[in-house]
Structure formats: C-alpha cells, structure tokens
4 protein chains.
Amino acid sequence: MHIYTDLAAELRELNPDEKGIEEQTEKKGNIEIKRIRILNDIAARRLGKKKGCYITIDAPELESRSPEVFSEVTDLLAKELGRMLSFDENSTVLIVGLGNRGVTPDSLGPQTVSEIHITRHIKKFMPEVLETPVASVCAIAPGVLGITGVETMDVVNGVVESVKPTAVIVIDALASRRAARISSTVQLSDAGISPGSGVGNTRSELSKESLGVPVIAIGVPLVVYASTIIGDAIGMIAGEPGIDCDEAKLRNLTESLVKKQSGDMIVTPKDIDTIVKDMASIISGGINLAIFGDNTESLAALLS
Amino acid sequence: MHIYTDLAAELRELNPDEKGIEEQTEKKGNIEIKRIRILNDIAARRLGKKKGCYITIDAPELESRSPEVFSEVTDLLAKELGRMLSFDENSTVLIVGLGNRGVTPDSLGPQTVSEIHITRHIKKFMPEVLETPVASVCAIAPGVLGITGVETMDVVNGVVESVKPTAVIVIDALASRRAARISSTVQLSDAGISPGSGVGNTRSELSKESLGVPVIAIGVPLVVYASTIIGDAIGMIAGEPGIDCDEAKLRNLTESLVKKQSGDMIVTPKDIDTIVKDMASIISGGINLAIFGDNTESLAALLS
Amino acid sequence: MHIYTDLAAELRELNPDEKGIEEQTEKKGNIEIKRIRILNDIAARRLGKKKGCYITIDAPELESRSPEVFSEVTDLLAKELGRMLSFDENSTVLIVGLGNRGVTPDSLGPQTVSEIHITRHIKKFMPEVLETPVASVCAIAPGVLGITGVETMDVVNGVVESVKPTAVIVIDALASRRAARISSTVQLSDAGISPGSGVGNTRSELSKESLGVPVIAIGVPLVVYASTIIGDAIGMIAGEPGIDCDEAKLRNLTESLVKKQSGDMIVTPKDIDTIVKDMASIISGGINLAIFGDNTESLAALLS
Amino acid sequence: MHIYTDLAAELRELNPDEKGIEEQTEKKGNIEIKRIRILNDIAARRLGKKKGCYITIDAPELESRSPEVFSEVTDLLAKELGRMLSFDENSTVLIVGLGNRGVTPDSLGPQTVSEIHITRHIKKFMPEVLETPVASVCAIAPGVLGITGVETMDVVNGVVESVKPTAVIVIDALASRRAARISSTVQLSDAGISPGSGVGNTRSELSKESLGVPVIAIGVPLVVYASTIIGDAIGMIAGEPGIDCDEAKLRNLTESLVKKQSGDMIVTPKDIDTIVKDMASIISGGINLAIFGDNTESLAALLS
C-alpha cells in the first residue's frame, strides 16, 4: 500500500511471518545491530530484496551529533565490514560512490568517496613513501544515468577490468519508511545493489554475479517518499478500532492522494546538508578503519 | 488540523466564508494572479496573517523550466512590484535576503540577493561610470538567528539607519500546503514579514511599522511540512462518504502520527537545488527590472 | 627558461624560427583565430607539443563579460568544432571533463560537462520524447589520479568500450604564459591530450591513437605558474640594453627564486570562480551548438 | 618597489632600521612567535601599519596538515588571544568574518565564523539548556562592499549598537610577500583593521576608536600579489654582484611588467580551497577555546 523502503529490516517488519528469513538482534549500549538473512528466492521475491545478508546498525543517539557516538558507530561499522570482507596489504579495493552530487540527499556516495584514503596511485607510482605495506584503495563517483547518459554499470565495469579489485564497496543513499531513521541508521549488505533501483534489470546491478568479486553495499536512509508517509497514515487509520471503513475506498483515497504528490516528492529533515556530511564522515571513517586498521591515522597524515 | 501555510491564498481557501477579506483573480494566459486584501484585525487574526495586500502569482508551467515562462513570470513580477512601489533615480532600495544559505530550501533569500544589481557603492564612489542616473540599490543576507546569534531585525535595523532606504524588499522561502506549489508560485505582500515566523513578536518583524519605510515581502513556497501532508490526508478521509469515523479519534490519530514525524521534517522535490536556483533568478530578475527598467541590461554588463 | 605553457600559439611565439610549422591568422572583428599545424615529429619535439592542428580563439573582450561577446565566442567555437568533426543524428559523442572539481581553476572540465545536453539515455530508454532525431551524447568527469587512484585513461577507456562513441571531446584547464590570457582564450586541438600532462607517457594519453576514434581537446588557460612569471621577468631584464649581466648568473638566480616558489604556486585572477563558470558556459554552449545545431534550444527545454 | 604585504613582521624585515618599533621572538618547538609593537605615529607611517601590537605565529609544519600541528597552533592561538583579551561568562563577543564567500582565498572570514560556537541566542532565549554559564558569542559575515553596496562598518556598527559586545574579533584574509607563508602563518593584532584596506579612510576602519570596544584582528596570509613576486625577483637581481644595472632602468622595467599583470592577479597554491578550510578550522578552534576554555567541547556537542 504505497510503502517504499530500501531497508531489509523495515521490509521484515512489514512481513513478520515470511518464512525463509533468519533474523538476529544484538544490543551494544544504545546501538542495535540487526542481522537479517534472506535464505531463498521465494522470500527474496516476497520482500523485494535479493538473497543475502543485511546488517542494520541502528543508533538513535546519532541525532545528538556527539563525537563519541559518531566514533562508536564508525568503529562498529568497521568491525561489521571486517567480518564481511577481510583486508590486508594484498587487497585491492574499489570504492564506488553512487548518486548525484548536485542533489543533497543523493550526494552521500560522492561525499563519502571524497574522504576515503586513496592509496592505489601511491603504491603504483611512489611506493617508497609508504612506511608500512597497506591495501591498494581507489574510488570513483560515476554519477547518475540522467546526468551522464552512461549506465553506472558501464563506468564501474570498465574500472573493474583495469583495476582488478579483490572487492568492491558501493555507497548509496536509501529510502526508508520512517523519517526518524534518516539520521540514525546504516545498512550493510553482501547482496549487491541496483543503481536507480526499481528499474531492477540484472544488467545494471552491481553485485558479485555481475562484477566477479565480492560486492558490499553500504547505505544510509536519507529520504522517505511522501507517498509512503501518506500510505502509512492511511494504513494506521484503517487498522484502528472505532473507525469503520471500506478498505477498497481507503485504497482509492490513498491512490488519489499519492497521485497529487508527484513521485519525486521526498521528505527530508531541514538540516539534510549537515546530516549527509556527518554520515559521509562516519561511512568513510568506518571503511578506512576496516581496510587500514592501525595504519589509518598515519595514512591520513601522509595523504593530506 | 495541523495544516500550516504561509500563503494568504491557501489560508483563504481554508477560510472561504471569513468576512473582511477582498479577493480578486486575474488570468494572463496560463498564469493566475490572485489579489487578497485582509481588511481588518479580526480577519487578520482568523487567517493568522497581518492586515494588508497579498498577491499570488501562480504559474504551473514554471515546472517545465522553459525560458519563455521564466521570463514571462519575471516580467509579471516586475509589473506587480512596480504597482506596489514606484522607483526612480532618487530611490534607495535595500534588498534583504532572509534564510540560511547552508540549507538548500532555506537559501532562496541569500541566492536571490547575490543576483541583484548593486549600485549604491557605484553611485557613491564612482558615479562617473554610470551613463544614466539609476536608483541606489544595496543588499544584505543577514543569516538566521540560530547561526549568527543576532536577531535579523538588529542587523537590518542598523543597515537601515545608515543607508536610509526609501523602500525595503525582503525575500524569504515559504511553507505551503501543497507540494505542487513548490515550483510554481510567488507571493508578494506589503504586510511585512517575521523572520523565523511563528515566533511572531513585533520586535522581530520587518515591516513599515518597525522600519519606517515601505516593506515589500516576496516569498516562494519551497517546503511543505510533513505534518501538513498527514493532516491533509486524514482530513480528506474524514470527509469521505462511506467512511464512518469518530472525529475525536481521528484527531488523536493525527496527533500521534504528526508527533512521530518531528516538526523539522519537510517535504521537498528531489531537485530542490535546481528549483531554488531558478526561482532566485526569477525573483532577482523581477526586482532588477522593476527598479531599473530599460537600464537593466546595460547595468548588468557594467556590473559584471 | 622556466616558461611553461600549454598553448601552441605561445610555444610558437617562443620558437618563431622553427621549421615544420604552418601558421595562419584570421580576424573576425576583435576576435583573432590562429591556426597552427605541427607537421612533423622534429617540430613536435622542439615545441613540446604533439603533431596536429591547434586552433586558438583569442577574444580579449571576453573580459568585459558582455553577453554579446559570450555568444559570439560560443558561435565561433561551434563553427570551428564543426569544421574538425561533423555531427549528425547517427553520431555518438562522449564528452570528457578532466580536472578536479574541488580546485577552482581545475574544475573547468567537470563544470562544462554538467551543462552539456545529455541525450544518450533518452535515445536509448525513451526515444519517443524526442521530436527530431538528434545525436547521442553522454559525458563523464572521471576525476584526477590523486583523488581517485585510478588513471583517467582507465575510466575513459571502459566507457568508450561500452558506449562506442564516434568521437570524443575532452575539456581541460590549461596553463598559459601570460595572465592576460586567462579570461580570453580557447584552444581546440585534434592532437589529443595527456591528463596531468608533463607525465607524458603514451598510456595515459587520450588521443585518436589510444581510443580509436577522433579526439578533440578543448582547453582554456586558467593559470600561470609563478615560476613562469619570474622566468619571464628575468628574461625581459636580460634582454634589455643598459643592463649588463652574466647570463649564467641570471639563470642561477632564476633557479633559486623559482625554487622558493613551490611548483604548486599558480597565478590566477581573484575572480577565478566567476571566470571558470563563464568559460564553462561558453565551452558547453559551443559544444551543444556544434552537435545539435537548430535543435539546441528545444533540447534545452526538454532536458531541463 | 611594488612589494605589498599585510604582515607587520614582513614590513619590519623590509624596514629593519626603523626606530620606534619593539620586537621580540619566542620559539616553541618548530613554531616561532614574533611580537612587534609599533610605538609611535612616525614608525606607523613608515611601515604603513597602525600603532599597536602585532603577533605573528609562524608554523611551517602546518603544511604537513598533521592533526597534531593543527591542534598545537590552535592552542597557541587561544593562548595569545587570551593574553590580549580576557573572557568570562559576562563577556559578550561579536565575531566578524570579513571577505567574499564566493572567492576562495577571500572566504576565510565567512568560513571561520560558520564554525564559531554561537551562544548569544541560547543565553537569551533558552538559558536553561546551558549547564555552566558561558560567554555570549554572536557572529556575522557582512560581505564586501562590491557585493552588498553597504560599507562593512555600517553593518558592523549597527550590530555593535544592538548587541553591545565587550569585545569584537575580526577575521580576514591577508596578502603576504612570500608564497611560503600562505599555509603557515597567523597574525593577531590589537590595532584594528580596514576592510578592503588600501582605501584607508578612518570611517571604514574597525577599531577600538571606531567601535568603542577592544577589537582584535586575526588574519592569515592567503595570497601574494603577482606584482610583489615580480618586484621581489627584480629587487633580488639588482642586489646581486656581477649584475651591473641602472636602477632607474630596472624600476621602469618592473613598472611595465607589473602593469602587464593586472592588479587583480594573485598567486595562490593550487590547493587553496583545502588551505582555507584548514585555516578556518584552526582560527575558529582557537577562538572557541580562548572564549569557552574547558566548556568548549560540551558546548560543541550541545550546539551541534
């Protein structure tokens, strides 16, 4: 009923009885880590998410923007990423920042890659400046189809062929069902990602199947569709005792309300510019830490 | 019921039977110009808008972003502005761009003033470069209280005292009830404006009363509050035949839904960056044209 | 003597007697068009520029920033580009914007591609919206090696392989010898370009040889190296009558002065942000016009 | 001879024998602190700097961009500022960020004020959220005359009148003689500052005399004029043994070379965007620390 979300954890809530899904929740202080595994194609189709593992880090205290919480989530993200992929000095990692840098809530990917420690050109052209051997990391922000006229997959594929990475990490902004998630959730997944999703054809998918190496997607919910908010409001009403309503009628009403709100309408917090900047720091910090471990800080100084 | 709007025309729609309001509508091609005059304090209180004249220019075709429509609305705006204020070479006009330049939908004011033709320093320090005598125009973007710690009024007042303008034009982003307005409406008013409105104390109001010279406010709706969308959706349901509901219950439901969406949640189109840029061009273009008339183009070349 | 320039016309001035170079100058009002052809490898080595044709459009009046001069140069650029490449509805053109968007004078390429009319995805996914058949145009801004860790050539090559363009147009910021050029010159060339030039290995070169299709480079001088300014000053002194100086001594002096100015020091006008924006408009305007001709305006409206 | 600098320390080097100047140098590790006091009007006129105290912090290691050096300089700046002004919970401090935010090397002031901890509106409207009493701090970035048409002094004066600060701190970008200073020097002064200096009329000066409260100027050299580089080069040559030259001739040469480089030509490092960002962090960090001491961090968390 017009509820759209990219978060596996929210889709699970909407389909609590679905079989073929494993779920596990862990608490670390005020942070909740939920691990959802979609085991088979039936469950995948029902949830509308590919088979694979989805990890949601929920940290409502991020909203306070305290440096302690920021670094706690950064560390946690690094740890979870390190469990999905192992990195050492022989790794070559390609980071892909999806999205349109000219549209604030869509610029998470490009902003994140700009803070990644890039080492590939140094290892290749001036390895002598590195005190310790480290992984080779490179990063691109390929832009979006509507701006470049080139499918993201075509740009990424070309770079994968020449760089031959051992793993690819893709960063993208997500849509969630609840506005409250916008400043407080990170989702990791090993199931790949379709840029400009919804389109959903395999050709355009960035995944282990299409690229030939492990692909980890890291996403942050930064928008809620206006249609989701309306659908949610109406759904809530329909479910209330004391409100007697014809379900078909309600569905029609929603339909007409949603149509009035063009599909491009999104709900964001007013301080979305700041939120995107903060989340880009957390994601890039977590990736840097996962890949470079103890060398992260000395690399930061070297590369600055 | 949680419906918030800064547009007099939308408030009028919500209060169609209110007395003490004059209303007149004019059509120019696909553009509609609505003139609303709030005549007395009772009507003002009921509508939640100060006494005075409010002109709404509605141009749904702006959404097509065609240069023709842009220049048509620019011309219309110049004409309406010219009817509210008359400008000549003896005028001194202070343009005030309200809002936070770091928050996209709030940056209309600062972006607009950056495109105004500034002549005051030229008239003062090198008048010889001007071929024809023109009005003296200056502009400031005083920032917002939360960023500067200084009330907007305090900054503007100081500048008014030293510049001694014959008129002040204030530009601000507005909230509307309908998302469809976001790229297609401009409101002009002679009733003044309260930066960070809602606060509503007279001290902070930019108006003829507080500044001592005519103040024209030009605003563009760029956000809809998420709570307004929900309130609207629920209101629509309540009014439907075949839906039997307890009004008090509905109001409670709305209350709880709205609370879940923090007050800072706003609804914007995804391409808000582009829309703000376009509307800033139209507003600044209209102001330049109203003030400088036939000299606008030669001034543009001189000042560039 | 420490004079660095990317402009063939300036290199020619420094080597006026060099054989193997054809040169032709044309005047259109206040605009000068100089066509230089480097005919053989000896001349190429001496000048430090590859064999091929270099066209310099010199329009000192650009500095006035008058819209008329802007559109005159745009038209001229379109015409010269149209003489080097022919475009029709069967053309597929890849535009590559070189440079680092985070460094103002280096951001000409990325800024220019953002204003190109992109049609490839429309022709591919929704051709029905196009009234007239037009060329297929796509564009990328691959970033710089120091930021991405990936050679520009590797990104471009991958895109060329999947897009299979009939021509590639590359845009880059150039260094010139004279600061006065910064706001007034455009260079076109069919000889290819080496991103992060000076490096000069063939692998990284974007050219007909490396990409297999015609490559036109369009560049605008936006910086002068501080070392060039010093070298020029000292060279001028050495050549003056009444100044008796030991050439070796002068060379040493220059050496030590240049060393004090790190190689990264550049000379730019203070309003470089504005100049880059203006030149990006002119270059993108010229490219759009050359490729789309009479359809340029209707495409602009469609794509906005 | 066409050498322009805003740094008292560099002017002192150029006038080493000038009387009426006290000078003292202190070393802290690799950082040098030079304190220059211009004692009387004669010395002031000769140096082209107002009477008063000028402190230069020279930290060549800032170029390495290591976080340690950044925080060392931040601490030092806070200490020096604390020696010039004393702050406590009864202080009201107005921070003024001079310069044009649209011109990178000129945007230091606006960027710095955006990172200052603003407390005035909190003390005034919601003092209960503050755990400890702190100073009242507000900040404005008044823009430049060429953009606003309003003299900086007129904006600042109006705000001073309504805010009634106990001290004003002004931040501005400076010109220096040597490019090497650009990323490594901070100058503090109690002598006031003339925005758009050179103009030099008292009316426009921000100083204790004009504003009635102590005014501390903090500046960072971010540009070198191209004419200074040329003048320096030619001066060096003139002084060399083995180079026999007519001084008048040399002066003429310089004159003609400098004229060819328009006065607006400046020399900056290519990574000026990054340098401005870094220096804005250091300056704002030092100011925050000087004013808020141990409360700085908890305030940062509260205000974010």
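Residues numbered from 1 in each chain as written. Chains lettered and ligands numbered in written order. Predicted model: local features only at pLDDT ≥ 70, side-chain atom pairs only at ≥ 80, totals over all residues. Heavy atoms only, no water.

Glancing now at the overall build of chain A. On a plain count of helices and strands, chain A comes out with 12 helices and 10 strands. The C-alpha radius of gyration computed for chain A amounts to 20 Å, which stays within 12% of the reference 19 Å derived for 304 residues, consistent with globular compactness. Projected onto its principal axes, the C-alpha coordinates of chain A cover approximately 75 × 45 × 40 Å. In chain A, which comprises 304 residues, the proportion classed as buried is 58%. When the accessible area of chain A is evaluated, it comes to approximately 12,400 Å², of which 48% is carbon and sulfur surface. Treating the 31 positive side-chain charges of chain A as one cloud and the 42 negative ones as another, the clouds have centres 4 Å apart. (Helix = DSSP H or I, 4+ residues; strand = E, 2+ residues; numbered from the N terminus. Rg over C-alpha atoms; globule rule 2.2 N^0.38 Å. Buried < 20%, exposed > 50% of the residue type's maximum accessible area, 1.4 Å probe, protein only. Areas by Shrake-Rupley, 256 points an atom, 1.4 Å probe, with all protein chains shown as cover. Lys, Arg positive; Asp, Glu negative; His and termini not counted. Charge placed at Lys NZ, Arg CZ, Asp CG, Glu CD.)

A word on the packing of helix H3 (residues 67-84) of chain C against helix H11 (residues 272-292) of chain C. Any two packed helices are characterised by how steeply their axes cross, that is the angle between the axes, and by the distance between the axes. Residue and element names in this part refer to chain C. At a closest axis distance of 8 Å, the pairing of H3 and H11 adopts a crossing angle of 45°. In terms of orientation, H3 and H11 fall into the oblique class. In this structure, the crossing between H3 and H11 has a hand that is right-handed. In contact with Phe-70, Val-73, Thr-74, Asp-75, Leu-77, Ala-78, Leu-81 and Gly-82 of H3, H11 contributes Asp-278, Ile-282, Ile-283, Gly-285, Gly-286, Ile-287, Leu-289 and Ala-290. In terms of residue class, the contact of H3 with H11 is built from 10 nonpolar, 4 polar and 2 charged. (Axes fitted to C-alpha atoms, helices over the stretch in contact; angles between N-to-C directions. Parallel < 35°, antiparallel > 145°, perpendicular 65-115°, else oblique. Left-handed = near helix turned anticlockwise from the far one by under 90°. Contact = heavy atoms within 4.5 Å. Nonpolar A, V, L, I, M, F, W, Y, C, P; charged D, E, K, R; others polar.)

Residue and element names in this part refer to chain A. Taken together, the side chains of Phe-125, Met-126, Val-129 and Leu-302 define a hydrophobic patch exposed on the protein surface, amounting to about 330 Å² of accessible area. Relative to the elements of secondary structure, Met-126 occurs in the loop between helix H5 (120-125) and strand S5 (136-140). Judged by relative accessible area, which is 35%, Met-126 ranks as partly exposed. (Patch = residues over 30% accessible without salt bridge, like charges linked within 9 Å, V, L, I, M, F, W, Y side chains within 5 Å. Salt bridge = Lys/Arg side-chain N within 4 Å of Asp/Glu carboxyl O.)

As a further point, take the packing of aromatic side chains. Residue and element names in this part refer to chain D. Summed over all chains, the structure comprises 4 aromatic pairs over all chains. Ring geometry for Tyr-4 and Tyr-225: centres 5.7 Å apart, planes at 75°, overall edge-to-face. With Tyr-4 in the segment before helix H1 (8-14) and Tyr-225 in strand S8 (residues 215-225), this pair connects stretches of sequence that are 221 residues apart. (Phe/Tyr/Trp six-rings, centres within 6.5 Å; stacked < 30°, edge-to-face > 60°.)

Mapping chain C onto chain A is achieved by rotating through 180° and translating by 0.0 Å along the same axis, at an RMSD of 0.0 Å. A rotation of that kind, with that shift, is consistent with a two-fold axis. For chain C, the residue whose C-alpha comes nearest the rotation axis is C:Gly158, separated from it by 1.8 Å. A shared binding surface is used by both copies, with 100% of the interface residues of chain C retained as interface residues in chain A. (Least-squares fit on C-alpha atoms with pLDDT ≥ 70 in both.)

Another aspect to go through is the pairing of strand S10 (residues 265-269) of chain A. Among the 5 residues of S10(A), 5 are classified as buried, and the element is accordingly described as predominantly covered. Side chains A:Met265, A:Val267 and A:Pro269 project from S10(A) onto one buried face, and the interleaved A:Ile266 and A:Thr268 project onto a second face that is buried too. With 2 bridges connecting them, strand S8 (residues 215-225) of chain A and S10(A) associate as antiparallel partners. By the bridge assignment for S10(A), A:Val224 is matched with A:Val267. Both S10(A) and strand S10 (residues 265-269) of chain B contribute to a ladder of 5 bridges, which runs antiparallel. Its bridge partner being in S10(B), A:Met265 is matched across the sheet by B:Pro269. (Pairing = 2+ DSSP bridges.)

On to the environment of B:Thr228. By secondary structure assignment, the location of B:Thr228 is in helix H9 (residues 226-238). In sequence terms B:Thr228 and B:Ile122 are 106 residues apart; their C-alpha atoms lie 46 Å from each other.

Between chain C and chain A, the contact holds 24 residues from the first and 24 residues from the second. Both faces considered, chain C and chain A share a buried interface measuring about 1,900 Å² in area, 56% of it formed by carbon and sulfur atoms. Taken as a group, C:His121, C:Gly149 and C:Val150 account for 20% of the area that chain C buries against chain A, more than any other trio of residues on that side. One salt bridge connects C:Lys124 with A:Glu151, and the closest N-O pair in it is separated by 2.8 Å. Those elements that place two or more of their residues in the side of chain C that touches chain A are helix H5 (120-125), strand S5 (136-140), helix H6 (145-148) and helix H7 (152-163) of chain C. When residues of the side of chain C that touches chain A are assigned to their parent elements, the largest contribution, 7 residues, is made by H7(C). When grouped by side-chain class, the residues that make up the side of chain C that touches chain A number 11 nonpolar, 6 polar and 7 charged. (Buried area = accessible area lost by both parts, 1.4 Å probe.)

Take the environment of A:Val93 next. Residue and element names in this part refer to chain A. Mapped onto the secondary structure, Val-93 falls in strand S4 (residues 92-97). Placed 27 residues apart in sequence, Val-93 and Arg-120 show a C-alpha to C-alpha distance of 9.0 Å. Setting aside residues up to four positions removed in sequence, Val-93 forms contacts with Phe-87, Ser-136, Val-137, Cys-138, Ala-167, Ile-169 and Ile-291.

Here the focus is helix H3 (residues 67-84) of chain A. Because an α-helix packs 3.6 residues into every turn, residues spaced three or four apart end up facing the same way. Across its 18 residues, H3(A) extends 26 Å between first and last C-alpha, which sits within 8% of the 26 Å expected from 1.5 Å per residue. Every buried residue of H3(A) is listed here: A:Val69, A:Phe70, A:Val73, A:Thr74, A:Leu76, A:Leu77, A:Ala78, A:Glu80 and A:Leu81. (Expected span 1.5 Å × (residues − 1).)

Attention shifts here to the pairing of strand S5 (residues 136-140) of chain B. Consecutive residues of a regular strand have side chains that alternate between opposite faces of the sheet. Residues and elements named next belong to chain B. With 5 of its 5 residues buried, S5 lies for the most part within the structure. By the alternation rule, side chains of S5 split into Ser-136, Cys-138 and Ile-140 and Val-137 and Ala-139, which are all buried. The pairing of strand S4 (residues 92-97) with S5 spans 5 bridges and is parallel. From the neighbouring strand, Val-96 faces S5, where its bridge partner is Ile-140.

Next up on the list: the pattern of salt bridges. A complete count under the given rule lists 60 salt bridges over all chains for this structure. A network of salt bridges, in which partner residues are shared, links A:Glu10, A:Glu13, A:Asp58, A:Arg178 and A:Arg181.

All names here are of chain A. With respect to the secondary-structure elements, Ala-8 resides in helix H1 (residues 8-14). In sequence terms Ala-8 and Leu-47 are 39 residues apart; their C-alpha atoms lie 7.9 Å from each other. Those residues in contact with Ala-8 that lie beyond four places of it in its chain are Ile-36, Lys-49, Tyr-54 and Gln-187.

Residues and elements named next belong to chain D. Structurally, Asp-6 can be placed in the segment before H1. It is Lys-49 that comes nearest to the buried, bridge-free Asp-6 among opposite-charge side chains, at 4.5 Å. Separated by 2.7 Å, the side chain of Asp-6 and the backbone nitrogen of Ala-175 make a polar contact. (Polar contact = N/O pair within 3.5 Å; in protein donor to acceptor, adjacent residues only side chain to side chain.)

What follows concerns unusual backbone geometry. Peptide bonds are trans in most cases, and residues, glycine excluded, mostly fall at negative phi. Although it is not a glycine, C:Lys164 adopts a positive phi angle of roughly 50°. Within the secondary structure, C:Lys164 is located in the loop between H7 and strand S6 (167-175).

Before going further, it helps to spend a moment on the confidence of the model for chain A. Residue and element names in this part refer to chain A. The predicted model of chain A has a mean per-residue pLDDT of 88, with 91% of residues at 70 or higher. When pLDDT is averaged over each helix and strand of chain A, the minimum, 66, is found for strand S9 (residues 243-245) and the maximum, 98, for S4. What the predictor reports for the complex is a pTM of 0.88 with an ipTM of 0.89. (pLDDT = per-residue confidence, 0-100.)

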